[in-house]
Amino acid sequence: MSMWFAVLHVLGILSLTCCTFGSDLNVPTPISCGTRAVDIPDTRKIVLCPANCTLWSLSVFGSGVYASVSSICGAAIHRGIISLSGGPVEVHGLQGRTNYLSSYAHGIQSQSLSQWSSSFTVARIISLPLEVSSQTSSSASVATGAAKKPVKKTVKKPPPPTTTAIKDCPVDMALLLDSSYNIGQRRFNLQKSFVSKLVAMLKVGTPGPHVGVVQTSEAPRTEFYLSNYTTAKDLTFAIKEIPYIGGNTNSGKAILHTVRTFFNPDFGVRRGYPRIIVVFVDGWPSDNVEEAAILARESGINIFFVSVAKPAPEEMSLVSEQDFMRKAVCKDNEFFTFSMPNWFGTNKFVKSLAHKLCSIDQMVCSKTCYNSVNLGFLIDGSSSVGDGNFRLVLDLLHSIAHNFDISDIGSRIGAIQFTYDQRMEFNFNEHTTKDNALRALQSIPYMSGGTATGDAINYAVQSLFKPHTGSNKNFLIIITDGQSYDDVRGPAMAAQREGITVYTVGVAWAPMEDLKAMASEPKESHVFFTREFTGLGQFQQPIVRGICRDFTEFN
């Protein structure tokens, strides 16, 4: 037991549960070595780290200012706030930022991170501000051998009432209200009342959440977009004025409509903000929601499903899609579903739903295969290719890259051309707009020379992938038309050990044995071959689909 844990044990303060966060700021809360700042609900908190945390594999992102997915105790050791024996740490929550820097300090190697939604710092506690009762003080006196002294019992004042608004919730949100015959006029009004309380707690406005509303009925109808009302007062009034429509509960149609038309920069959607659809359903949907949900996930939209008065067992035969909640949400992990028994007495559910909708660290669908990958292109420029065929290779790579959301906060592409030598055409940081990246790809000049694919793979790992840190998933697409003069298996395996997924595209005389040796598993979905360069175009969609499949499995 560390010294600080022993002190708290003597004083009767150490809780049996290590990670229950109370409201008393002055009492250190014991945590585990792996507890992250994102796990703590308060923006300022004193915690107590145990001893020997360096024996654990701790994830720490940043230097001085740390991403909230970092271990608190790991950050405190890295910062020099505590030693191996543990101790108290003051944690201060901060807003998110970009470019968390890596560094080595006090036996901890922190990692870099391109961007995260919230941050924190750690500070040293000079003295432990403990508030103890007369019973606790007596126990402490006996334990330390000190003379007993009368201690005035502290009478705690009741805590101030909690604010109704959530302070930090940077999201763009579409609320899909059930306006069907099933809900009826009365419950529709109760639904609007609940939603009004919800937007009041979310604290709508810059830089917080922007909210729009779509009605679900026979045909979806957009009532207003994200930019129409930017204060909670105006938004609440607008919700109050929404008329009841009636019709079937076509939630699938409403989701499709929202994905395709709602999240548009012309209507106030903000770059870099998580996009959320909250689907309210009284009972169950009249149509299929799975196809619409797939489109939403592929578009980087997080779907929450709020079910009120779920179908009873005897009603399940009337439900066309019985797993509608599981199929509709962003991810079937219970975080994206929310249930209420009915529309009466729903005030108690407002806060818990609001906190879910603002937990942006858990918005896993904000990252998709289209906006969170690094695509490295390794292009054979040997003499056997020829300038005309080289252009066909670039056409294939252009068509692949065109599917992805290339930006400074999204996907990146880089390109290397190789013969016996390697030439970095451009790295992941050079072109951070889609137009510039695609233009640079098509402008690559043909080299001509021999073929050393193994050396080129090593060069790609060391010069293209390793210098670029971040959370994007890495892919390497190799295109070659012949036999390599060096070993390809060893370098390809080394690349895969670095977390790089390898696709190989062979043309003409490229040996199938080499293509399979370089490609990731399963080989049949990562190896492509054609006899003619004119046949390369057929591989665009299979490669893009494969990247999305690999990305989904990785996440």
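What counts and what doesn't
Residues numbered from 1 in each chain as written. Predicted model: local features only at pLDDT ≥ 70, side-chain atom pairs only at ≥ 80, totals over all residues. Heavy atoms only, no water. Pairing = 2+ DSSP bridges. Helix = DSSP H or I, 4+ residues; strand = E, 2+ residues; numbered from the N terminus. Axes fitted to C-alpha atoms, helices over the stretch in contact; angles between N-to-C directions. Contact = heavy atoms within 4.5 Å. Buried < 20%, exposed > 50% of the residue type's maximum accessible area, 1.4 Å probe, protein only. Arc of directions from axis to C-beta. pLDDT = per-residue confidence, 0-100.

Caption draft 1: Representation of the sheet that holds strand E19 (residues 500–507). Overall, mixed pairing links the six strands, which are arranged E17-E16-E15-E18-E19-E20 in an open sheet. Single-partner strands in this sheet number two, and they are strand E17 (422–426) and strand E20 (527–530). Averaged over all pairs of adjacent strands, the angle between their axes in this sheet comes to 20°, without regard to strand direction. As paired elements, strand E16 (residues 412–418) and E17 share four bridges and run antiparallel to each other. Counterpart to Ile-416 in the pairing with E17 is Met-424.

Caption draft 2: The environment of Ser-59, seen in detail. As for its position among the elements, Ser-59 is in the loop between strand E2 (44–49) and strand E3 (62–63). Taking the C-alpha atoms as reference points, Ser-59 and Ser-110, 51 residues apart in sequence, are found 7.3 Å from one another. Those residues within four positions of Ser-59 in sequence are excluded, and the remaining contacts are Val-69, Ser-70, Ser-71 and Gln-111.

Caption draft 3: Structural view of helix H9 (residues 347–357). Phe-349, Val-350, Leu-353, Ala-354, Lys-356 and Leu-357 are the residues of H9 that are buried. Looking straight down H9, one finds that the buried residues subtend no more than 155° of arc, so they occupy a single side. Summarising the contacts, the buried residues of H9 are in contact with strand E9 (172–178), helix H4 (184–202), strand E12 (275–282), strand E13 (301–308) and strand E14 (337–340).

Caption draft 4: Spatial organisation of the pairing of strand E8 (residues 113–124). Bridge analysis of strand E4 (residues 65–67) against E8 gives two bridges, and the strand direction is antiparallel. Residue pairing for E8: Ala-67 is matched across the bridge by Ser-119.

Caption draft 5: Quick look at the confidence of the model for the protein. When pLDDT is averaged along the protein, the result is 84, and 88% of the positions lie at 70 or above. Considering only residues more than four positions removed or in separate chains, one finds that residues 1–23, a stretch of pLDDT under 50, has 51 contacts. Contacts from residues 127–163, a stretch scored under 50 in pLDDT, to residues over four places away or in other chains number 28 contacts.

Caption draft 6: Seen up close, the sheet that holds E8. Strand order in the open sheet formed by six strands is E1-E2-E5-E8-E4-E3, with mixed pairing between adjacent strands. Strands with a single pairing partner mark the edges of an open sheet, and in this sheet they are strand E1 (29–30) and E3. The sheet contacts of helix H2 (residues 72–79) involve E2, E3, E4, strand E5 (87–100) and E8, and relative to E8 the element is tilted by about 65°.

Caption draft 7: Unusual backbone geometry, seen in detail. Between Glu-521 and Pro-522 the backbone carries a cis peptide bond, its omega angle lying at -10°. The backbone phi angle of Asn-52 is positive, close to 65°, even though this residue is not glycine. For Asn-52, the location among the structural elements is in the loop between E2 and E3. Even without glycine at this site, Lys-203 takes up a positive phi of about 60°. Take Lys-203: it is sitting in the loop between H4 and strand E10 (210–216).

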